[in-house]
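Breakdown of the fold
One-letter residues, chain by chain:
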Amino acid sequence: MTLLKQLEIKHPIFLAPMAGVSTPKLAAEVSNQGGLGSLGLGASTVEAARQQILETQALTHHSFQVNFFCHQSSELDSQVAEQWIQYLTPQFEKYRAVPPTELKCIYPSFLDNDDYLNLVLETRPQAVSFHFGIPHPYQIQALKQAGIMTMVSATNLAEALEIEAAGIDVIIAQGIEAGGHRGIFNQTFDSAVKTSDLVQLLKQYCTLPIVAAGGIMNGQQAQLLMKLGAAAVQLGTAFVQCKSSNANAAYRKALFSKPITQISASISGRPARGLINHWHTQVDRPERPQVATYPYCYDLGKQLNAAATAQGDDGFGAFWAGSNVAQIREMEAADLINQLVLEISQA
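In this report, the structure presented in the accompanying data block is examined. Keep in mind the model is a prediction, meaning the values are calculated, not measured.

This brings us to the pattern of salt bridges. This structure, assessed with the given rule, holds nine salt bridges. With its nearest N and O atoms 3.2 Å apart, the salt bridge here joins Arg-288 to Asp-284. Given the relative accessible area of 28%, Arg-288 is considered partly exposed. Assessed through its relative accessible area of 21%, Asp-284 is described here as partly exposed.

Laid out in structure tokens, this is it:
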């Protein structure tokens, strides 16, 4: 059975699950138009996640995926954290703000307990995807027994082989061009493979369906990746500008006016690609110390952004975007899906 039939969708187009940006309305619009909508729930509490799933199910009878973070939780190194706070203190002072004295773990991992697992088993979305790692074997088994498809991001061949060995159903091949957080399992290195090369590599060594993600903004790019072996494509940046996304006005404006991206770990503690702003020009300097552990680092990053925003400066926002953001088009989700399908058929 093909991937589209398994997911019960019409078109090989997935909406990337973007925590903080995705909404039930955006997910439903994509699903209702024949693609696979998504909810990025890794930054949500269990109750908030439940509400989003139920709202999406009320807006569409079609398939959609939900996504969670599967990082290895680690203790915060107090010395590293103190150095990081001290390094960013001058930035806080610019906005007449005082940095926190301690950092909080603002995002739990799917691996830490079964609260998110039980929510998925309760609400039964068609598919669940994971970023930063693979769920526990018993969690995968529970999802399989419930008939819920599982998908995990891979940024290199080694991760993909681990995903396949774990019994996951689909590999999301995340190339270096992708916006937002890199799905790397091990933070000490990043293979930095571009999407087209990664798809070809995984097609050669893996048997699972591959969904290409990273740098895809139009149907021609999507068709090329499918010719290389991808069963479907996943787009995020292209949909951030939709009115139904949760992106704020500053983020939307920056997508069209500052279309250059760079990867930084300073915002959250994990490498992520976003539009060039203060993080890249003022923080990521040669003298920058080691960043605090994810997601503790993100706690500080969000507080600095709040302080700057309160003074009318949006330069510390986490404006995630892929490397081809300059090709972004101002279109609503349904129209964008239709345009992508047309371009794929003509490519």
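Further notes follow.
Looking at where Thr-150 falls in the secondary structure, it is placed in strand 5 (residues 149-154). Its relative accessible area of 0% is what places Thr-150 among the buried residues. Thr-150 has contacts with Val-128, Leu-143, Gly-167, Ile-168, Asp-169 and Val-170, leaving out every residue within four places of it along the chain.

What follows covers the packing of aromatic side chains. For the structure on display, the rule yields eleven aromatic pairs. For the ring pair Phe-110 and Phe-130, a centre distance of 4.8 Å and an interplane angle of 70° mean the geometry is edge-to-face. Separated by 20 residues along the polypeptide, Phe-110 in the loop between helix 4 (78-94) and helix 5 (115-123) and Phe-130 in strand 4 (residues 127-131) bring together distant segments of the chain. Both residues of the pair, Phe-110 and Phe-130, belong to the buried class. Judged by centre distance (5.1 Å) and plane angle (85°), the ring pair of Trp-279 and Phe-316 falls under edge-to-face. Taken together, the residues span a long stretch of sequence, with Trp-279 in helix 12 (residues 278-283) and Phe-316 in the loop between helix 13 (296-310) and helix 14 (333-346) at a distance of 37 residues.

With that out of the way, let us pick up unusual backbone geometry. A cis geometry characterises the amide bond from Tyr-294 onward to Pro-295, with omega recorded as 0°. For Pro-295, the location among the structural elements is in the loop between helix 12 and helix 13. Not every positive phi belongs to a glycine, and Glu-8 is a case in point at roughly 60°. Here Glu-8 is to be found in the loop between helix 1 (3-7) and strand 1 (13-15). Note on Glu-8: relative accessible area 57%, which makes it exposed.

Right, let's talk about the environment of Ala-178 for a bit. Among the structural elements, Ala-178 can be located in the loop between strand 6 (170-174) and strand 7 (180-181). Owing to a relative accessible area of 6%, Ala-178 belongs among the buried residues under this scheme. Counting along the chain gives 145 residues from Ala-178 to Ser-323, while the straight-line C-alpha distance between them is 6.7 Å. The contact partners of Ala-178, leaving out residues within four places of it in the chain, are Ala-213, Gly-214, Gly-215, Arg-273 and Gly-322.

Let's shift gears to the side chain of Asn-277. Its place among the elements puts Asn-277 in the loop between strand 11 (272-275) and helix 12. Under the relative-accessibility criterion, Asn-277 is labelled buried at 11%. Each residue touching Asn-277, except ones within four places of it in the same chain, is listed here: Gly-315, Phe-316 and Gly-317.

Between helix 7 (residues 157-165) and helix 8 (residues 195-205), the least distance of the axes is 10 Å, while the angle of their chain directions is 45°. By the angle class used here, helix 7 and helix 8 are oblique. In this structure, helix 7 meets helix 8 at a crossing whose hand is right-handed. For the pair helix 7 and helix 8, the contacting residues are Leu-157, Ala-160, Leu-161 and Glu-164 in the first and Leu-198, Leu-201, Leu-202 and Tyr-205 in the second. Across the contact of helix 7 with helix 8, the residue classes tally to seven nonpolar, no polar and one charged.

Turning next to the pairing of strand 3 (residues 64-69). Of all six residues in strand 3, six are buried; the element is thus mostly enclosed. Every second residue of strand 3 is oriented toward a common face, with Phe-64, Val-66 and Phe-68 on one face and Gln-65, Asn-67 and Phe-69 on the other, all of them buried. Bridge analysis of strand 2 (residues 37-40) against strand 3 gives four bridges, and the strand direction is parallel. Bridge assignment links Gly-40 to a residue of strand 3, and that residue is Asn-67. The parallel pair strand 2 and strand 3 is bridged by helix 3 (residues 46-59), and the resulting crossover is right-handed. Where strand 3 meets strand 4, five bridges bridge the pair, whose relative direction is parallel. Within the sheet, the bridge partner assigned to Phe-69 lies in strand 4 and is His-131.

Before going further, it helps to examine the environment of Val-30. Here Val-30 shows up in helix 2 (residues 24-32). It is 30 Å that separates the C-alpha atoms of Val-30 and Leu-161, two residues lying 131 residues apart in sequence. Aside from chain neighbours lying at most four places away, what touches Val-30 is Leu-15, Gly-35, Leu-36, Gly-37, Phe-239, Ala-333 and Ile-337.

Let us look at the sheet that holds strand 2. Through backbone hydrogen bonds, the strands of a sheet pair up, either in parallel or in antiparallel fashion. Spatially, 1-9-8-6-5-4-3-2 is the arrangement adopted by the eight strands of the open sheet, whose pairing is parallel. The strands lining the two open edges of the sheet, one partner per strand, are strand 1 and strand 2. Here the strands of the sheet are splayed against their neighbours by 25° on average, with no regard to which way each runs. Bridging between strand 4 and strand 5 involves four bridges; their strand directions are parallel. Residue pairing for strand 5: Ala-127 is matched across the bridge by Met-149. Of the strands in this sheet, strand 5 and strand 6 are in contact with helix 7, which crosses strand 5 at around 160°.

The rules behind each value
- Residues numbered from 1 in each chain as written.
- Predicted model: local features only at pLDDT ≥ 70, side-chain atom pairs only at ≥ 80, totals over all residues.
- Heavy atoms only, no water.
- Salt bridge = Lys/Arg side-chain N within 4 Å of Asp/Glu carboxyl O.
- Buried < 20%, exposed > 50% of the residue type's maximum accessible area, 1.4 Å probe, protein only.
- Helix = DSSP H or I, 4+ residues; strand = E, 2+ residues; numbered from the N terminus.
- Contact = heavy atoms within 4.5 Å.
- Phe/Tyr/Trp six-rings, centres within 6.5 Å; stacked < 30°, edge-to-face > 60°.
- Axes fitted to C-alpha atoms, helices over the stretch in contact; angles between N-to-C directions.
- Parallel < 35°, antiparallel > 145°, perpendicular 65-115°, else oblique.
- Left-handed = near helix turned anticlockwise from the far one by under 90°.
- Nonpolar A, V, L, I, M, F, W, Y, C, P; charged D, E, K, R; others polar.
- Pairing = 2+ DSSP bridges.
- Right-handed = clockwise from strand over helix to strand, strands pointing away.

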